[in-house]
Amino acid sequence: MDKADFPELSLSNIDIKIDSGAYTSSIHCSDIKEVFKDNEPYITFKLLDPEHELYNKNQCIFKKYSSKKVKSSNGQSEERFMIQTTIHLFNTTFPIYLTLSERKDMKFPILIGRKFLNKKFIIDTSKKNLSHQLKIN
């Protein structure tokens, strides 16, 4: 568990869960839609949901996106949209791919998976909020 910033998504100090069991990283979104304007595809979504304290009703629009088949923790596969953005951890900004998922019933709105963590971080399960503590000191 830690907190991170996602500057391109205007999210600061949002709770994240480090999940080495998950391959991809994901973010909780609502109202996820693929739309076409002038025959160009876009993905639109709202970050989080109205019950989350950081919900701001803003609609995000991404022109660059892809879709990916993701196997959930219960073993079922589903097709999800994926965007590339940035995450700020340990006073450093990194590129990160996030799948868009409705995680309303989950405790953490963002999961950070091993594809992002690989060759950047070592996980110490006895520690928490290390990046956030560096930010506030």
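Participant: Honestly, the pattern of salt bridges in this entry has me stumped. Any pointers?
Facilitator: Should the charged atoms of two oppositely charged side chains come close, the side chains can pair. For the coordinates displayed, the defined rule picks out five salt bridges. Lys 63 is the partner of Glu 40 in a salt bridge, and the nearest nitrogen-oxygen pair spans 3.6 Å. Of this pair, Glu 40 sits in strand β4 (residues 40–47) while Lys 63 sits in the loop between β5 (59–62) and β6 (66–71), and the two are 23 residues apart along the sequence. Given a relative accessible area of 49%, Lys 63 falls into the partly exposed group. Between Arg 80 and Glu 78 there is a salt bridge whose closest N-O contact spans 2.9 Å.

Participant: How should the packing of aromatic side chains be read in this particular structure?
Facilitator: Aromatic rings in a pair are described by how distant their centres are and how their planes are angled relative to each other. A full pass over the atoms with the stated rule returns six aromatic pairs. Considering the side-chain rings of Phe 90 and Phe 121, the 5.7 Å spacing of their centres and the 35° angle between planes classify their relative orientation as tilted. In this pair, Phe 90 sits in the loop between β7 (77–89) and β8 (92–101) while Phe 121 sits in the loop between α1 (114–117) and α2 (130–136), placing the two residues 31 residues apart along the sequence. On the accessibility criterion, Phe 90 (31% relative accessible area) is partly exposed. The structure contains a cluster of three or more aromatic residues connected by ring pairs, namely Phe 90, Phe 94, Phe 116 and Phe 121. Lying across the ring of Phe 116, Lys 120 places its NZ or CZ 4.5 Å from the centre.

Participant: For this particular structure, what's the right way to read a nonpolar patch on the surface?
Facilitator: A contiguous nonpolar surface patch, about 240 Å² in accessible area, is contributed by Phe 90, Leu 130 and Leu 134. One can find Leu 134 in helix α2.

Participant: Got a minute to help me understand the pairing of strand β2 (residues 11–19) in this structure?
Facilitator: As defined by bridge partners, strand β1 (residues 2–6) adjoins β2 across four bridges and the pair is classed as antiparallel. The residue of β2 that forms the bridge with Ala 4 is Ile 14. Counted along the chain from β1 to the antiparallel partner β2, the turn is four residues long, and its residue Ser 10 has a positive phi close to 55°. In the sheet, β2 pairs with strand β9 (residues 110–113) via four bridges, with the strands oriented parallel. Bridging across to β9, Lys 17 finds its partner in Leu 111.

Participant: Teacher, can you tell me more about the nonpolar core here?
Facilitator: Here is a general trend for soluble globular proteins: nonpolar side chains tend to be buried in one another's company. With 26 residues, the main nonpolar core has Phe 6, Leu 9, Ile 27, Phe 45, Leu 47 and Ile 87 as its most contacted residues. Among the elements that line this core, the one with the most residues is β8, at four residues. Non-local contacts of Leu 47, meaning those with residues more than four positions away in its chain, are made with Leu 9, Leu 11, Ile 27, His 28, Cys 29, Tyr 55, Asn 58 and Cys 60.

Conventions used here
Residues numbered from 1 in each chain as written. Predicted model: local features only at pLDDT ≥ 70, side-chain atom pairs only at ≥ 80, totals over all residues. Heavy atoms only, no water. Salt bridge = Lys/Arg side-chain N within 4 Å of Asp/Glu carboxyl O. Helix = DSSP H or I, 4+ residues; strand = E, 2+ residues; numbered from the N terminus. Buried < 20%, exposed > 50% of the residue type's maximum accessible area, 1.4 Å probe, protein only. Phe/Tyr/Trp six-rings, centres within 6.5 Å; stacked < 30°, edge-to-face > 60°. Lys NZ or Arg CZ within 6 Å of the ring centre and 35° of its normal. Patch = residues over 30% accessible without salt bridge, like charges linked within 9 Å, V, L, I, M, F, W, Y side chains within 5 Å. Areas by Shrake-Rupley, 256 points an atom, 1.4 Å probe, with all protein chains shown as cover. Pairing = 2+ DSSP bridges. Core = buried A, V, L, I, M, F, W, Y, C linked by side-chain atoms within 4.5 Å. Contact = heavy atoms within 4.5 Å.

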